[in-house]
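As a plain string of letters, each chain reads:
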Amino acid sequence: MKILFRNGLLFDGTTLSCEKTDILTEDGIISRIGKGIDDEGANEVYNLSGLILSPGFIDLHCHLRDPGQEWREDLLSGSRAGAAGGFSTLVCMPNTDPPVDNAALIRYLLEKGEECEGSRILPSGCLSRERAGKTLAEMGKMAIAGAVIFTDDGSPVSDTNLLRLALLYSSRLGVRVMEHPEDRSLTSGAQVNDGICSTFSGLKGWPSSAEASDIFRGVSLSMDTGVPIHFTHVSAKESINAVRIAKASDCKVTCDVTPHHLCLDESMVIGSGYDGVFKVTPPLRSASDTDALWEGIRDGTVDAIATDHAPYHLDEKDLPFQESSFGIASLECAVAAVLDEWKRRKEPCPLERLLSLFTSGPARLLPEKWRTLGLIAAGSPADLTVIDPAFEQTVDVSKWKSKARLTPWNGRTLRGWPVMTVVRGKIAYSLIDRVSGGK
Amino acid sequence: MEWKHRHVLDLDTWERPDLQHILEQARSMDELLDRPIKKVPALRGKLVVNLFFEASTRTRVSFELAEKFLSADVVNWSASGSSTGKGETLRDTAWTLEAMGADAVVIRHGAVGAADYLARKLKKSVVFNGGDGAHSHPTQALLDLYTAWKKIGPLEGKKVAMIGDVLHSRVARSDIIAFSKMGSSVVLSGPATLMPRSVEALGATYDENPRSAVRDADIIYLLRIQKERQDEGMFPSLDEYHQLFGFDAALLKHARPDALVMHPGPINRGVEIASDVADGSQSMILGQVRSGVAIRMALLFVYLGGVRQ
């Protein structure tokens, strides 16, 4: 199977070229990159004139609810949704039922993922057994089976000694530890940002310090052990500052931010009349926190944008705010939401930096064998995402491939969309018509 | 006047003329309460459902009296627990009530956002928020405004000192917003652990010293202190609270000589308020109860009485 993509503006994972480039993929591998590649022998040809041809986007953090919570999402629906959102790779979180804390479940996810027609599925494994935060999970066996990240996401690793042991133990496995930064003693019963939103709503405030203090703790452990640590869904100014300071001291710390924390803030919780669709952990923060995240993107503090797509059944989400579940579903509009916000903010960073946070940025955080997913090079996997920066489309959650039926962006018209997703050399999603082929 | 609000959820988007209009309507209703026969036919044929998910005596009875004095048909819908627990969801309850033809629903619910949620689900019925979690209690704020206004006239330039657990109080949130909109200045006092983070955003200031907070105040508004907040470690003991922040005759001396003492009830004697001031001549606590009926009659009349388009 050969597919020829013609006239795309090539983003190779680092640099966005303004010259038209062709790419030929052959049996799931990028075989040629160049100009004027002959379409002889290509089964399909696509003209990508005016479109950006990028390495496939990687979502480092999403909840596919499989196994055990399939009424919310499963690997098939999640994988299709991911492809429709422009992601060729999804790293699914292990806080399922049962939690993914053993090699058998890693293998289950990889095998079932192979059958999915959308995004490539890479599983993460729990850091602790039963995700209970007490003792180490069998990280070695999971690493061999194919786990790409270790995390107790959904919960922090509150036991500092356990987190230290996990860093030391995982250091030789080539799999990074991802911490969900939260000091639970500060967030018990909390619902919204501790600030304007908690003040007006009377809901218990979730202070930024709950996140920043856990990051400071993790940074100390990383410096102590020399082992890298990754902080996910960093949402507050203080947290970004903590990561920035740690990076300046050569600490091997990395972080990701979510589309919702980049695009939405706590004023929308109030403005919506406390609509549960805006309820999420960590909570939507102040406008100045949102600005700080964009500054973190601009100056290189942020390493990746990850969705934290957290789908729920309508009945778990469509409730009075205080009773609604925590989580925002965004997989199918996350990239568009970020591109739209970037434009709305008058392009606070070069486009190539933004694109790198979906590609080479997250790829660098994965085990060695997957790092080529974040670049376009001859011989690397044919995982590609095509972006149309000018395309406008209105979000219609009722048509989503995800099982989620609520999203804060529903009804919003966004500018800048992924229009094609290629996974292992197959078209997993496309709004672009094929120009020729079929041989 | 043209009335632009569809429901009474909170007072965040109300403006001073809106508040003033309700106060004036309440004065007419107040006069009715002095008549030997209090009932008027203003809402005859209108169905009002009182939907109380949380224990409440005074607010429920006050609404019910107001509804009955205006001759509405009243249904007390018994509801308990959260809408996620056993039984039907609030969404289904909402649709059921509308199918039965409710013209208005009064809701008291433990979850913040419950009244807003109900309003989003109902296409026709008017929603009156009787208190949602720690968020809002607009009818309480209106009755407090009315009580003060009736007694001392325009509230512009008046100083309100509010002492107690602001953090967990829907009454405090609504009253701060309401008094500020009327042009009063609101000073909060109490332990810093019982204050919201951004009191300035609500339009108030914070003074940890109750004596200076009360100095020259026209209105002293006391908030209920719940024992469970001590259990949660928000302050060391009720006894210490009373010693530091409890309102008594000695503290009252710092206020203006004719200052009003208010409390939403039920009061904890010997905790946030000493009996000498609770029962003293400046106490408005029972006046507030009477105002509650008048203000709720005014609201029901404005929303259901045909004045509105």
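Cut-offs and rules
Residues numbered from 1 in each chain as written. Chains lettered and ligands numbered in written order. Predicted model: local features only at pLDDT ≥ 70, side-chain atom pairs only at ≥ 80, totals over all residues. Heavy atoms only, no water. Helix = DSSP H or I, 4+ residues; strand = E, 2+ residues; numbered from the N terminus. Rg over C-alpha atoms; globule rule 2.2 N^0.38 Å. Buried < 20%, exposed > 50% of the residue type's maximum accessible area, 1.4 Å probe, protein only. Contact = heavy atoms within 4.5 Å. Areas by Shrake-Rupley, 256 points an atom, 1.4 Å probe, with all protein chains shown as cover. Expected span 1.5 Å × (residues − 1). Salt bridge = Lys/Arg side-chain N within 4 Å of Asp/Glu carboxyl O. Buried area = accessible area lost by both parts, 1.4 Å probe. Domains from an automatic or database assignment. Core = buried A, V, L, I, M, F, W, Y, C linked by side-chain atoms within 4.5 Å. Polar contact = N/O pair within 3.5 Å; in protein donor to acceptor, adjacent residues only side chain to side chain. Pairing = 2+ DSSP bridges. Axes fitted to C-alpha atoms, helices over the stretch in contact; angles between N-to-C directions. Phe/Tyr/Trp six-rings, centres within 6.5 Å; stacked < 30°, edge-to-face > 60°.

Turning next to the overall build of chain B. Regarding its fold elements, chain B presents 13 helices and 9 strands. Its C-alpha radius of gyration of 19 Å places chain B within 12% of the 19 Å reference for a compact globule of 309 residues. When the backbone C-alpha atoms are referred to their principal axes, chain B occupies close to 55 × 45 × 35 Å. For chain B, the proportion of its 309 residues judged to be buried stands at 58%. Once local pairs closer than 6 in sequence are excluded, the contacts in chain B between residues at least 24 apart make up 74%. As presented, chain B carries roughly 12500 Å² of accessible surface, and 51% of it is formed by carbon and sulfur atoms.

Once that is clear, we can look at helix α1 (residues 16-33) of chain B. Helix length check: α1(B), at 18 residues, gives a terminal C-alpha distance of 26 Å against a target of 26 Å (1.5 Å per residue), a fit within 8%. In this fold, the buried residues of α1(B) make contact with α2 (58-69), α5 (138-152), α6 (170-181) and α13 (285-304) of chain B.

Residue and element names in this part refer to chain A. Inspection of the entire model under this criterion finds 44 salt bridges over all chains. Where Glu295 meets Arg298, a salt bridge forms, and the shortest distance between an N and an O atom there is 2.8 Å. Highlighted residues: Glu295 and Arg298, both in helix α11 (residues 287-298), separated by 3 residues, approximately one helical turn. What emerges from the salt-bridge pattern is a single network uniting Asp291, Glu341, Arg344 and Arg345.

Moving on, we come to the interface of chain B and chain A. Taken together, the contact pairs 28 residues of chain B with 22 residues of chain A. At the boundary of chain B with chain A, total buried surface from both sides reaches about 1900 Å², with 53% on carbon and sulfur atoms. Our count for the chain B to chain A interface comes out at 4 salt bridges. Across the salt bridge formed by B:Lys121 and A:Asp318, the nearest N and O atoms sit 2.9 Å from each other.

Residue and element names in this part refer to chain B. Splitting chain B by domain gives domain 1 (16-137 + 289-304) and domain 2 (138-284). Each partner contributes residues to the interface: domain 1 has 29 residues there, and domain 2 has 25 residues. Buried area between domain 1 and domain 2, both sides added, is near 2200 Å², and the carbon and sulfur share of it is 60%. When the area that domain 1 buries against domain 2 is broken down by residue, the three leading residues are Arg16, Leu23 and His137, summing to 31%.

Across soluble globular proteins, nonpolar side chains have a tendency to be buried as a group. Counting 157 residues, the largest nonpolar core has A:Ile297, A:Leu354, B:Trp14, B:Phe128 and B:Tyr303 as its most contacted members. When residues of this core are assigned to their parent elements, the largest contribution, 10 residues, is made by α13(B). Here this core spans two domains, since at least three of its residues come from each of domain 1 (16-137 + 289-304) and domain 2 (138-284) of chain B. When sequence neighbours within four positions are dropped, the list of residues in contact with A:Leu354 reads A:Trp294, A:Ile297, A:Ile305, A:Val338, A:Leu339, A:Trp342 and A:Cys349.

Turning to helix α1 (residues 75-84) of chain A, a few remarks are in order. Residues and elements named next belong to chain A. For α1, the buried fraction is high: 8 of the 10 residues fall into the buried class. Buried residues along α1 sit against β7 (87-92), α2 (103-115), β8 (120-123), β17 (413-423) and β18 (426-430). For α1, the N-terminal cap is Asp74; the gap from its side-chain oxygen to the backbone nitrogen of Leu76 is 2.9 Å. A positive backbone phi angle near 95° is found at Gly86, which sits one or two residues after α1.

The subject of this paragraph is the sheet that holds strand β7 (residues 204-206) of chain B. Residue and element names in this part refer to chain B. If you trace the 5 strands from one edge of the open sheet to the other, you get β7-β6-β5-β8-β9, paired in parallel fashion. Each edge of the open sheet carries a strand with a single partner, namely β7 and β9 (260-262). Averaged over all neighbouring strand pairs, the angle between strand axes comes to 20°, with direction disregarded. As judged from the 4 bridges shared by strand β5 (residues 159-163) and strand β8 (residues 219-222), these two strands associate in the parallel manner. Residue pairing across strands places Met162 opposite Tyr221, the latter belonging to β8.

Residues and elements named next belong to chain B. Strand order in this open sheet of 4 strands is β2-β1-β3-β4, and the pairing throughout is parallel. Each of the sheet's edge strands pairs with one partner strand only, and the pair in question is β2 (73-78) and β4 (126-132). Taken pair by pair, the neighbouring strands of this sheet meet at an average axis angle of 15°, ignoring direction. Direction of pairing for strand β1 (residues 47-52) relative to β2: parallel, over a ladder of 6 bridges. Looking at the pairing, Phe52 lines up with Ser78 of β2. The strands touched by α13 are β1, β3 (104-109) and β4; relative to β4, the strand with the most contacts, the crossing angle is about 150°.

A few words on unusual backbone geometry. Trans is the prevailing form of peptide bonds, just as negative phi is the prevailing case for residues other than glycine. Note the cis peptide between A:Asp97 and A:Pro98, where omega equals 5°. Position of A:Pro98 relative to the elements: it lies in the loop between β7 and α2. With an omega of -5°, the peptide bond running from B:Gly265 to B:Pro266 counts as cis. Note that B:Pro266 resides in the loop between β9 and α12 (275-278). If you check the backbone angles, A:Glu130 has positive phi at about 55° while not being a glycine. Mapped onto the elements of the fold, A:Glu130 is located in the loop between β8 and α3 (139-145). Notably, A:Arg131 is not glycine yet its phi reads approximately 55°, a positive angle. With respect to the helices and strands, A:Arg131 occurs in the loop between β8 and α3.

Let us now look at the packing of aromatic side chains. Two aromatic rings, taken as a pair, are described by how far apart their centres are and by the angle between their planes. Residue and element names in this part refer to chain B. Applying the stated criterion across every chain yields a total of 13 aromatic pairs over all chains. Between Trp3 and Tyr303, the ring centres sit 6.0 Å apart and the planes meet at 85°, which makes this aromatic pair edge-to-face. With Trp3 in the segment before α1 and Tyr303 in helix α13, the pair connects residues that are 300 residues apart, well separated along the chain. You'll find Trp3 and Tyr303 in the same group, each marked buried. Here the aromatic rings of Phe128 and Tyr303 are separated by 5.5 Å at their centres, their planes lie at 75°, and the arrangement is edge-to-face. Highlighted residues: Phe128 in strand β4 and Tyr303 in helix α13, separated in sequence by 175 residues.

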